[in-house]
Amino acid sequence: MSQRDKAPEGEQQAMNGTEDPTNDEMLVETDVSDGLSASGNSVGREAETVISSENINVWYGDDHALTDISMDIPENSVTAMIGPSGCGKSTFLRCINRMNDLIDVARVEGGLTLRGKNVYDDDVDPVALRRRVGMVFQKPNPFPKSIYENVVYGLKIQGIDADYDEVVEESLKRAALWDEVKDRLHESGLDLSGGQQQRLCIARAIATDPEVLLMDEPASALDPVATSQIEDLVEELAEDYTVVIVTHNMQQAARISDKTAVFLTGGELVEFDDTQKIFENPESQRVEDYITGKFG
Amino acid sequence: MARNTYQSRLNQLEEDVLYLSELTAERVRFALDALEDKDERKAQEVIEGDREINRIYLDLEQDCIDLLALQQPVAGDLRFIAASFKIITDLERIGDLATNLAQYAIDAENDVYAEVDIRRIGDAALDMVDQAMDAYETEDTDLCHSVAERDDNLDTMCDNASQSIVRDLMNGDDFEGDGDLEPETALVDVRRLLLTVRDLERIGDHAVNVAARTLYMIDNDDSLLF
């Protein structure tokens, strides 16, 4: 039964920072004011930059998947990545929490900072990084455990002592799932509906209290009602987290994001601006052709 | 409720459209006061306040464009936004007509044809605007039809007033009277009075437009649009 398929190993690691709990060197904390400023694309408000990429290039073997990607992602906002299949948007997402490290042939060049610290520096532990940068995937992938155990899995595996009951309640509430599951916390997470499973995965991702939530097509496997619930949730989560979401559904990007990055074929970031600007008056004719369906 | 942010933006749009309607109706009321009392200061307030109305109108237009571009509204939501988009134009024009009335109040030096009851015509037009906006707020189709029916009465009042003015003018009634008025001055005043009546009649027409768009919004019924 597909629901019971185990998540790929890399995905589990990314969600829980569990690659090697004993090697638990924290990501080096840095002064957030060291040379970073709010995004130049920011219109109408000044938000602090959380993630900043500068000329990021990614190769999969000889395939140049991303070319010179530079962008600043502001705090407590939803940033959407849109573009046709193979344009590199998921690849960029995976640069942020170094998921590409798990792919042997992948090579990343350029700078990508999380609050001013380059995540590719030698002293950065990818496991600790992934604790600060949670991830939710396209297909809901709860572990074959109880709802309760799913939520606290990341904390337990990292040996983090906490009031687990409180973490479970708080995380499930933030994921807008508490009211639906509070009376059956010890039933299997796999018995939930697809939309509930995805919210459980979101609860699991936020249980370790990350700063950033990466979402790779989080609603594309869900029906319209569950999709709408996830979209509402994403907007709410942006009050506490910096959310970066990859979506094939550009209308979804329009509905829920503050900023939109448009990637086009060839791994090129063609335009990055306020979502309103992108969908009402993009600078690039190629972006206009893409979002109006004339190309792509 | 699903799509919480979207729903709250729709609610906000409705509130803002109602606010714009209250503001424009107030400006018409002030302009009528200014005409009645020859109150230049009040008239000036109305004229200067038009910038505020224009600004709100443009903000709401942008809100509608944002909702259309970013939220993909369909069915009743789409009709609500499309209707609101049109209604704000009518409200903004009512605001313009209020400034016309205020300007007439400033320009008028003589009270010609005092028997033409501008206040009564103005109140009738304003009642239609209020009723049309009630229909929009409460989604009441009966009120929409009622506004359209009342327009005939307003048109009749305006026609009668204009005919009376023109008839008296042709009869030369007020050119003699107390002998204070020069014919040329009287002509300017008469022209202004005719324009006042015409502008009030137009306020009624805009109220009917609001009612027609509201009926379309509620029931997808375009019968009042023709």
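Residues numbered from 1 in each chain as written. Chains lettered and ligands numbered in written order. Predicted model: local features only at pLDDT ≥ 70, side-chain atom pairs only at ≥ 80, totals over all residues. Heavy atoms only, no water.

Peer 1: Explain helix α4 (residues 118-138) of chain B to me, using residue names and the numbers behind them.
Peer 2: Taking 1.5 Å per residue, 21 residues should reach 30 Å; α4 of chain B reaches 30 Å between its end C-alpha atoms and fits that length. Downstream of α4 of chain B by a residue or two, E139 of chain B has a phi angle that is positive, lying close to 55 degrees. (Helix = DSSP H or I, 4+ residues; strand = E, 2+ residues; numbered from the N terminus. Expected span 1.5 Å × (residues − 1).)

Peer 1: Residue-level account of the packing of aromatic side chains, with values.
Peer 2: Residue and element names in this part refer to chain A. For the structure on display, the rule yields three aromatic pairs over all chains. Summarising the aromatic geometry, the rings of F143 and Y153 are spaced 4.5 Å apart at their centres and angled 55 degrees between planes, so their arrangement reads as tilted. Here the residue F143 occupies a position in the loop between β6 (133-136) and α4 (147-157), and Y153 occupies one in helix α4, the gap between them amounting to 10 residues. You'll find F143 and Y153 in the same group, each marked buried. Above the face of the F143 ring, R204 is positioned so that its terminal group lies 4.2 Å from the ring centre. (Phe/Tyr/Trp six-rings, centres within 6.5 Å; stacked < 30°, edge-to-face > 60°. Buried < 20%, exposed > 50% of the residue type's maximum accessible area, 1.4 Å probe, protein only. Lys NZ or Arg CZ within 6 Å of the ring centre and 35° of its normal.)

Peer 1: Help me get a handle on the interface of chain B and chain A, residues and values and all.
Peer 2: The figure often quoted for interface size is the accessible area lost as the parts come together. Opposite the 12 residues of chain B that make contact, chain A presents 11 residues. When the area that chain B buries against chain A is broken down by residue, the three leading residues are R3, L70 and Q72 of chain B, summing to 47%. Summed over the shared surface of chain B and chain A, the number is zero salt bridges. Taken together, the connections running from chain B to chain A amount to eight residue pairs in polar contact (both at pLDDT 80 or more). (Contact = heavy atoms within 4.5 Å. Buried area = accessible area lost by both parts, 1.4 Å probe. Salt bridge = Lys/Arg side-chain N within 4 Å of Asp/Glu carboxyl O. Polar contact = N/O pair within 3.5 Å; in protein donor to acceptor, adjacent residues only side chain to side chain.)

Peer 1: Tell me about the UniProt feature "domain: PhoU" (unreviewed entry) in chain B, residues and numbers included.
Peer 2: Here, the residues flagged by UniProt with the feature "domain: PhoU" (unreviewed entry) are residues 20-104 and 118-213 of chain B. Across residues 20-104 of chain B one finds 94% helix and 0% strand; the C-alpha atoms that close the span lie 23 Å apart. (UniProt positions renumbered as here; feature names shortened; annotations may be inferred.)

Peer 1: Give a detailed account of empty space enclosed by the protein, specifying residues and quantitative values.
Peer 2: Tallying each qualifying case throughout the model produces one cavity of 30 Å³ or more. The space that makes up the largest cavity amounts to roughly 60 Å³. Lining the largest cavity are E231, D232, E235, R255 and I256 of chain A together with R3, T5, Y6 and Q71 of chain B. Listed by contribution, the elements that provide at least two residues to the lining of the largest cavity are α8 (224-237) and α9 (250-256) of chain A together with α1 (4-37) of chain B. With three residues, α8 of chain A is the single largest residue contributor to the lining of the largest cavity. (1 Å grid on protein atoms, 1.4 Å probe; cavity = no way out; pocket = protein on both sides within 12 Å on 5 of 7 lines; lining within 4 Å. Points joined across faces, edges and corners; volume = space filled by probe spheres on them.)

Peer 1: Tell me what's going on with the environment of G86 of chain A, and back it up with residues and numbers.
Peer 2: With respect to the helices and strands, G86 of chain A occurs in the loop between β3 (78-82) and α2 (89-96). Between the C-alpha atom of G86 of chain A and that of D62 of chain A, which follows or precedes it by 24 residues, the distance is 15 Å.

Peer 1: How would you summarise the packing of α1 of chain B against helix α2 (residues 40-71) of chain B if you had to cite specific residues and measurements?
Peer 2: Residue and element names in this part refer to chain B. One way to put it is that α1 packs onto α2 with a least axis distance of 10 Å and a crossing angle of 160 degrees. By the angle between their axes, α1 is roughly antiparallel relative to α2. Of the two possible hands of crossing, α1 and α2 adopt the one that is left-handed. Classifying every residue of the contact of α1 with α2 gives 18 nonpolar, three polar and nine charged. (Axes fitted to C-alpha atoms, helices over the stretch in contact; angles between N-to-C directions. Parallel < 35°, antiparallel > 145°, perpendicular 65-115°, else oblique. Left-handed = near helix turned anticlockwise from the far one by under 90°. Nonpolar A, V, L, I, M, F, W, Y, C, P; charged D, E, K, R; others polar.)

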